[in-house]
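Inside the fold
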Amino acid sequence: MLTYHPAFDQHHAAFRLLRLIVAIAPQSVELDKLRILDFYLLFPHLLPEARLPQALKARARKLGEEANQYSLPAMPEAVFKQMAPIQAQGVRLLLSVGLSSVEQTDDTRVRRSEMPIPPEISEAISKRNSEQASLMTLLTKDVASIPLRGKNGLKDRSGLMEFKYDAI
């Protein structure tokens with residue numbers, strides 16, 4: 001039996017990543033942080049399980065209570081790892097069409113490029129981001145402001161990535 005899940009669709013991933021990149025622009029974002037934000041954009045009901053700062057806990061819990069569009073096919077950590085190559089393909093797709101660019105520093109950082117987004121895609125992004133305005137604000141303003149690395153960084157708080165060997 002074949003089943004479809006957007007977590008494993010490179011075009012869906014590219015669209016979600018572009019939604020996040022547009023909302024974070026003009027700043028760049030670490031690729032690993034972008035991957036974590038993408039995971040929670042797809043599965044917002046799991047956000048309350050992350051060890052977020054106290055100020056964000058209640059907002060995450062409220063968003064987590066809202067209906068989730070996609071079911072989780074397995075354990076969160078396993079799905080996150082399985083999503084990695086799909087997310088990488090999504091980033092490469094955005095790079096290949098010129099909608100994003102990569103900065104190679106200590107961390108690979110992704111940013112929105114100067115190329116205009118085609119109107120139909122821009123409208124779809126605006127529509128979807130406004131439909132999920134609370135979630136987008138929480139992810140792109142609040143969760144994105146949490147440092148990625150080290151103890152109490154986003155890797156640690158989410159439990160989705162190893163943080164113990166991060167260079168701080």
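Here, the structure is the one placed above.
Residues numbered from 1 in each chain as written. Predicted model: local features only at pLDDT ≥ 70, side-chain atom pairs only at ≥ 80, totals over all residues. Heavy atoms only, no water.

1. Considering the sheet that holds strand β3 (residues 108–112)
The 3 strands lie next to each other as β1-β3-β2, forming an open sheet whose pairing is antiparallel. Taken across any chain shown, the strands that pair with only one partner, and hence form the sheet edges, are β1 (29–30) and β2 (100–104). By the bridge criterion, 5 bridges tie β2 to β3 in an arrangement that is antiparallel. Looking across to β3, one finds that Ser-100 is bridged to Arg-112. (Pairing = 2+ DSSP bridges. Helix = DSSP H or I, 4+ residues; strand = E, 2+ residues; numbered from the N terminus.)

2. What about the nonpolar core?
With 43 residues, the main nonpolar core has Ile-36, Phe-39, Tyr-40, Phe-43, Leu-47, Leu-52 and Leu-139 as its most contacted residues. The set of elements that each furnish at least two residues to this core consists of α1 (10–24), α2 (31–42), α3 (54–65), α4 (76–96) and α6 (133–142). If sequence neighbours within four positions are ignored, Ile-36 has contacts with Phe-80, Leu-148, Leu-154, Lys-155, Ser-158, Leu-160 and Met-161. (Core = buried A, V, L, I, M, F, W, Y, C linked by side-chain atoms within 4.5 Å. Buried < 20%, exposed > 50% of the residue type's maximum accessible area, 1.4 Å probe, protein only. Contact = heavy atoms within 4.5 Å.)

3. Here we look at the pattern of salt bridges
If you walk through the whole model with that rule in mind, you get 11 salt bridges. For Glu-103, the salt bridge goes to Arg-111, with nearest N and O atoms at 2.4 Å. Note on Glu-103: relative accessible area 24%, which makes it partly exposed. Exposure remark for Arg-111: the relative accessible area of 26% places this residue in the partly exposed category. Close ionic contact of Lys-151 with Asp-156 constitutes a salt bridge, the shortest N to O distance being 3.9 Å. (Salt bridge = Lys/Arg side-chain N within 4 Å of Asp/Glu carboxyl O.)

Honestly, it's all geometry; don't read function into it.
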